Amino acid sequence: MRLTKTLTAVTAAVALTALTGCGSDAKDDGLGLPSAGDIAAVEKFVNQHAQCTNMRKAGAEGTEGILTDEAKDSEWAIKDRAVCDDGAHQVVTLLSISDMAKFQAANLKGSQNGKNYEALVGKDFAVVPMGDETVKKLMDAKLLLLTCGGKYEIPGGYKKHAGLADGCVLTDYVRS
């Protein structure tokens, strides 16, 4: 998988983000996405399927993950943000989201302005792992990738669901 390279290229081609907020939304009903009410629950979820050690709110330069500035902007609806390390000592960004529709809309807007992100998403949280092995393990745990902006081609045979913001798509496909 080349997710790591895409994630580090913030001005690259794919805009991605998270799904649903509190309660039920018709667009995500039946997808079976996991939920985590706060950052501790996100950490616990990741540790059940991959590895998340040395969790911290901030880190030394180069270990702070992504979406640092966006977490301070209410438009992104990021309730809480932390980072940890996976088994290969690569950074994993953890996000607790208060309003997924708002979060997706902010990602779509960001993609239109050249700021593109990829994230694996649940109902009310997003995880941005830098390591390919962690990506695979979390996708096996039923997280999906959300892409916004229409620049991510999804081959036949993979899931493709409408996101909560027009122009965003949820998929189980990650480019390799």
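The structure under discussion appears in the preceding block.
What you see is a predicted model, and the numbers here were worked out from it, not measured in a lab.

J.: Please give an account of the overall build of the protein that cites residues and values.
T.: Along the backbone of the protein there are 4 helices and 9 strands. Ordered by position from N to C terminus, the α and β elements of the protein give α-β-α-β-β-β-α-β-β-α-β-β-β. Considering the protein as a whole, with its 176 residues, one finds that 49% of them fall into the buried category. Here the analysis covers contacts within the protein between residues at least 6 apart in sequence; of these, 69% occur between residues at least 24 apart.

J.: Explain the packing of aromatic side chains residue by residue, including any values.
T.: For the structure on display, the rule yields 5 aromatic pairs. When the centroid spacing of 5.9 Å and the interplanar angle of 85° are considered together, the rings of Trp-76 and Tyr-117 count as edge-to-face. You can see Trp-76 sitting in the loop between strand E2 (53-56) and strand E3 (78-85) and its partner Tyr-117 sitting in the loop between helix H3 (100-112) and strand E5 (120-121), a full 41 residues away along the chain. A residue is classified by how much of its surface remains accessible, and Tyr-117, at 4% relative accessible area, is buried. What links up through ring pairs into an aromatic cluster is the set Trp-76, Phe-103 and Tyr-117.

J.: Help me get a handle on the pairing of strand E9 (residues 168-171), residues and values and all.
T.: The two faces of the sheet receive side chains in turn, since in a regular strand these alternate between them. Residues Cys-168 and Leu-170 of E9 are buried on one face, and the alternating residues Val-169 and Thr-171, pointing to the opposite face, are buried as well. Bridge count for strand E7 (residues 144-148) against E9 is 4 bridges, and the pairing is antiparallel. The residue bridging Thr-147 from the neighbouring strand is Val-169, located in E9. Bridge count for strand E8 (residues 160-162) against E9 is 3 bridges, and the pairing is antiparallel. Opposite Lys-160, over in E9, you have Thr-171 as the bridge partner. Between E8 and the antiparallel strand that follows it, E9, lie 5 residues; Gly-167 among them carries a positive phi value of about 100°.

J.: Break down the state of the cysteines for me, with residues and values.
T.: Overall, the coordinates contain 2 disulfides when judged by the stated rule. Residue pairing for Cys-52: its cysteine sulfur links by disulfide to Cys-84, the two sulfurs lying 2.0 Å apart. Taking the torsion about the sulfur-sulfur bond, which here is approximately -120°, the covalent link between Cys-52 and Cys-84 counts as left-handed. With Cys-52 in the loop between helix H2 (39-49) and E2 and Cys-84 in strand E3, the pair connects residues that are 32 residues apart, well separated along the chain. Linked covalently through their sulfurs, Cys-148 and Cys-168 form a disulfide whose S-S length is 2.0 Å.

J.: Give me helix H4 (residues 132-140): which residues, what numbers.
T.: Within the sequence span of H4, burial applies to Thr-134, Val-135, Leu-138 and Met-139. When H4 is viewed along its axis, its buried side chains cluster within an angular range of 130° and face the same direction. Trailing H4 by a residue or two, Lys-142 shows a phi angle of about 80°, which is positive.

J.: Explain the pairing of E3 to me, using residue names and the numbers behind them.
T.: Most of E3 is tucked away, with 6 of its 8 residues classed as buried. Examined bridge by bridge, E2 and E3 share 2 bridges and lie antiparallel to one another. Among the inter-strand pairings, Arg-56 is bridged to a residue of E3, identified as Val-83.

J.: Describe in detail the side chain of Ser-96, supporting the description with residues and values.
T.: Along the chain, Ser-96 falls in strand E4 (residues 91-97). Its relative accessible area of 1% is what places Ser-96 among the buried residues. The residues contacting Ser-96, other than those within four sequence positions of it, are Gly-37, Asp-38, Ile-39, Ala-77, Ile-78, Lys-79, Asp-80 and Asp-124.

Here is what the cut-offs are and how they apply
Residues numbered from 1 in each chain as written. Predicted model: local features only at pLDDT ≥ 70, side-chain atom pairs only at ≥ 80, totals over all residues. Heavy atoms only, no water. Helix = DSSP H or I, 4+ residues; strand = E, 2+ residues; numbered from the N terminus. Buried < 20%, exposed > 50% of the residue type's maximum accessible area, 1.4 Å probe, protein only. Contact = heavy atoms within 4.5 Å. Phe/Tyr/Trp six-rings, centres within 6.5 Å; stacked < 30°, edge-to-face > 60°. Pairing = 2+ DSSP bridges. Disulfide = S-S within 2.5 Å. Arc of directions from axis to C-beta.

So, to be careful, I would describe these as geometric facts and stop short of saying anything about function.
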